[in-house]
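Residue-level listing of the chains:
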Amino acid sequence: MKALHFGAGNIGRGFIGKLLADAGIAVTFADVNETVVSELQKRNEYTVKVVGEECVVETVKNVTAVNSATDTVVDCIAESDLVTTAVGPTVLKIISKSIALGIEKRAAANNTAPMNIIAAENMIRGTSQLKEAVLEHLSDEMKAFTEEHIGFVDSAVDRIVPPAAEGETDPLAVTVETFSEWIVDQTQFKGEIPNIPGMECTDNLIAFVERKLFTLNTGHLITAYLGVLAGHETIKDSIEDDAILAEVSAAMEESGAVLIKRYGFDPKAHAAYIQKILGRFANPYLRDEVDRVGRQPIRKLSPQDRLIKPLNGTIEYGLPNQHLLKGIAAAFLYKNEDDPQAVELQAMFTEKGFAETLAHYSGLKSDAEVVKLAEDAYFSLK
Ligand SMILES: NC(=O)C1=CN([C@@H]2O[C@H](COP(=O)(O)OP(=O)(O)OC[C@H]3O[C@@H](n4cnc5c(N)ncnc54)[C@H](O)[C@@H]3O)[C@@H](O)[C@H]2O)C=CC1
Ligand SMILES: O=P(O)(O)OC[C@H]1O[C@](O)(CO)[C@@H](O)[C@@H]1O
């Protein structure tokens, strides 16, 4: 079996690419980072440091790479059984063109073997969004071919993989936590579902995506923003600050109450899930900087993302949301000149004020009661 994986970054090398290669699949990474591409081509293997209670170094073998900006990537798609991505939500549109060209090439060669595409991104139904982008490039005839032979499979992906430590000289070095979870929507595959140990199937993906995004990612983000305000550099230092731990736990409980109500999760099991995640944040072997987790605040204030969607759930079910509001307020205090979204958010905030800016990015109404409460939280935090 052959797979093409877009994005040889932290999750690409440290999780999805590794899982595929460990399953005996011949993996080709597609990336725009020339150094990473040429090292993978030269070595055909790399090592992953897995850190937790035990620390082990594992070698990932039988891999190569292509430059994602060249036509070779189209040839690879035409010949692959599986295409996966971990490039970041904003890059999915960019790679959709190559995927469309790869599908056209399959059709031209009368290759009707099923191919499945799985986006492993922090998004709700990211693969379905990628599918929309791919279809925009295709004729009606090609759309019909795609519907018949190409599976677009949504997934939820969970493993904390920070960038390599400062001073690391190996461009392929990657350190990951022990925990990992990749859950795919079994209803969306074309052909047989590949047997990949570590890839779990479900027919209720949305519950798992929301459970992960609105527990781990909600808590992580609030840890990052409150950590920045308290002068911490890492997630570990932030979560070991008792005041931050209390705020983050309370916010996760608020989003958890929404998940329990919406999906019927067992409250005790969900409380244990939260505790496990808090322990993962404190992993002493991972240096995870607050700016990585806080990055792109505009995306994270969008209606479907980790702050606003759970907040809307609390409104829908009449549940408490004071700590989620504090997290939203903290996003407005996140300043980072190296992050274009943080700069844009601050620029609009200065020009238009809190309510209009929050409403613009979140889809909330500027005169809504929660927006007023979030603004109050902002002034209290400030
Ligand atoms: N790092 C983590 O702990 C986790 C990340 N995620 C999600 O996984 C996705 C990837 O995140 P990371 O691996 O951390 O990011 P990353 O920045 O380490 O990796 C992204 C890779 O995509 C490459 N890339 C950019 N444009 C490209 C293009 N046009 N074609 C091919 N490759 C391209 C970059 O060069 C980079 O190597 C994101 O959606 C993130 O939210 C999900 C769970 C965990
Ligand atoms: O990758 P994003 O969406 O910017 O957010 C960072 C988040 O993603 C993760 O890297 C993995 O879920 C978390 O560590 C963190 O909450």
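The rules we used
Residues numbered from 1 in each chain as written. Chains lettered and ligands numbered in written order. Predicted model: local features only at pLDDT ≥ 70, side-chain atom pairs only at ≥ 80, totals over all residues. Heavy atoms only, no water. UniProt positions renumbered as here; feature names shortened; annotations may be inferred. Near = heavy atom within 4 Å. Polar contact = N/O pair within 3.5 Å; in protein donor to acceptor, adjacent residues only side chain to side chain. Areas by Shrake-Rupley, 256 points an atom, 1.4 Å probe, with all protein chains shown as cover. Helix = DSSP H or I, 4+ residues; strand = E, 2+ residues; numbered from the N terminus. Nonpolar A, V, L, I, M, F, W, Y, C, P; charged D, E, K, R; others polar. Pairing = 2+ DSSP bridges. Axes fitted to C-alpha atoms, helices over the stretch in contact; angles between N-to-C directions. Contact = heavy atoms within 4.5 Å. Domains from an automatic or database assignment. Buried area = accessible area lost by both parts, 1.4 Å probe. Buried < 20%, exposed > 50% of the residue type's maximum accessible area, 1.4 Å probe, protein only. Right-handed = clockwise from strand over helix to strand, strands pointing away. Salt bridge = Lys/Arg side-chain N within 4 Å of Asp/Glu carboxyl O. Phe/Tyr/Trp six-rings, centres within 6.5 Å; stacked < 30°, edge-to-face > 60°.

An unreviewed UniProt entry annotates the protein as Mannitol-1-phosphate 5-dehydrogenase originating from Photobacterium pectinilyticum. UniProt, in its Sequence similarities (unreviewed entry) section for the protein, records the words "Belongs to the mannitol dehydrogenase family." The annotation that UniProt attaches to the protein under Catalytic activity (unreviewed entry) is "D-mannitol 1-phosphate + NAD(+) = beta-D-fructose 6-phosphate + NADH + H(+)".

Caption draft 1: Quick look at the site of ligand 2. In the neighbourhood of ligand 2, the contacting residues comprise Asn-122, Ile-160, Lys-212, Leu-216, Asn-217, His-220, Arg-292, Arg-295, Arg-299, Lys-300 and Arg-306. Between an oxygen atom of ligand 2 and a side-chain N or O atom of Lys-212, the distance comes to 2.6 Å. A distance of 2.7 Å is found between an oxygen atom of ligand 2 and a side-chain nitrogen or oxygen belonging to Arg-299. Contact with the protein chains hides 93% of the accessible area of ligand 2, taken as 380 Å² for the molecule alone. Those elements giving two or more residues to the shell around ligand 2 turn out to be helix H7 (205-229) and helix H12 (297-300).

Caption draft 2: Seen up close, the site of ligand 1. The environment of ligand 1 is made up of 25 residues, and the closest members are Asn-10, Asp-31, Ser-68, Glu-121 and Val-161. Contact distances for ligand 1 include 2.8 Å between an oxygen atom and a side-chain N or O atom of Asn-10. In this structure, an oxygen atom belonging to ligand 1 sits 2.8 Å away from a main-chain N or O atom of Ile-11. Within the complex, the protein chains bury 84% of what would otherwise be the 820 Å² of accessible surface of ligand 1. Of all the elements in the fold, those that place two or more residues in the shell around ligand 1 are helix H1 (10-22), strand S2 (26-31) and helix H4 (92-108). For the shell around ligand 1, the per-class residue count stands at 14 nonpolar, six polar and five charged.

Caption draft 3: Region of interest: the sheet that holds strand S6 (residues 82-85). Strand order in the open sheet made by the six strands is S5-S2-S1-S6-S7-S8, with parallel pairing throughout. Of all the strands in the sheet, just strand S5 (63-67) and strand S8 (150-153) have a single pairing partner and so form its edges. Going from strand to strand, the sheet's axes swing by 20° on average, the running direction of each strand aside. Note: S2 against S5, five bridges, orientation parallel. Each bridged residue has a counterpart across the sheet, and for Ala-30 the counterpart in S5 is Val-66. Each of S6, strand S7 (115-119) and S8 touches helix H5 (residues 126-135); the most contacted strand, S7, lies at about 120° to it.

Caption draft 4: Representation of the domain arrangement of the protein. As assigned here, the protein comprises domain 1 (2-202) and domain 2 (207-381). On a C-alpha basis, the centres of domain 1 and domain 2 stand 28 Å from each other. Each side of the interface is counted separately: domain 1 has 23 residues, and domain 2 has 24 residues. Interface area, domain 1 with domain 2, both sides summed: about 1,900 Å², of which 64% is carbon and sulfur. On the domain 1 side of the interface with domain 2, the three residues burying the most area are Asn-122, Ile-124 and Ile-160, jointly 31% of the side's total. Inspection of the domain 1/domain 2 interface yields five residue pairs in polar contact (both at pLDDT 80 or more). Looking at the side of domain 1 that touches domain 2, the elements with two or more residues in it are strand S9 (155-158), strand S10 (174-177) and strand S11 (181-185). With four residues, S9 is the largest single contributor of residues to the side of domain 1 that touches domain 2. Considering only residue class, the side of domain 1 that touches domain 2 consists of 14 nonpolar, five polar and four charged.

Caption draft 5: Expanded view of the pairing of S2. Judged by how many residues are buried, S2 sits mostly within the fold: five of six residues are covered. The sheet contact formed by strand S1 (residues 2-6) and S2 spans five bridges and is parallel. Paired with Ala-3 across the bridge in S2 is Val-27. With respect to chirality, the unit in which S1 leads through H1 into the neighbouring parallel S2 is right-handed.

Caption draft 6: Representation of the side chain of Thr-223. Structurally, Thr-223 can be placed in helix H7. The exposure class assigned to Thr-223 is buried, which follows from its relative accessible area of 0%. When near neighbours in sequence (up to four residues on either side) are disregarded, Thr-223 contacts Ile-235, Ser-238, Ile-239, Ile-244, Val-248 and Phe-281.

Caption draft 7: The pattern of salt bridges, seen in detail. Taken as a whole and judged by the stated rule, the model has 26 salt bridges. A salt bridge links Lys-105 to Asp-75, with the nearest nitrogen and oxygen atoms 2.5 Å apart. Remark: Asp-75 occurs in helix H3 (residues 72-79) and Lys-105 occurs in helix H4; sequence separation between them is 30 residues. Its relative accessible area of 40% is what places Lys-105 among the partly exposed residues. The residue Glu-147 makes a salt bridge to Lys-131 at a minimum N-O spacing of 3.1 Å. Placement of the pair is Glu-147 in helix H6 (residues 140-149) and Lys-131 in helix H5, with a sequence separation of 16 residues. Each of Glu-39, Lys-42, Arg-43 and Asp-170 takes part in a single network of salt bridges with overlapping partners.

Caption draft 8: Highlighting the packing of aromatic side chains. Counted under the stated rule, the structure contains nine aromatic pairs. When the ring of Phe-332 is compared with that of Phe-354, the centres are 4.3 Å apart and the planes differ by 40°; the resulting orientation is tilted. Of this pair, Phe-332 sits in the loop between helix H14 (322-331) and helix H15 (340-352) while Phe-354 sits in helix H16 (residues 354-362), and the two are 22 residues apart along the sequence. Take Phe-332 and Phe-354: they sit in the same class, and that class is buried. Note on Phe-349 and Tyr-378: the rings are 5.2 Å apart at their centroids and 90° apart in plane angle, and the pair reads as edge-to-face. A residue pair is termed long-range when its members are at least 10 positions apart, and Phe-349 in helix H15 and Tyr-378 in helix H17 (residues 369-381) qualify at 29 residues.

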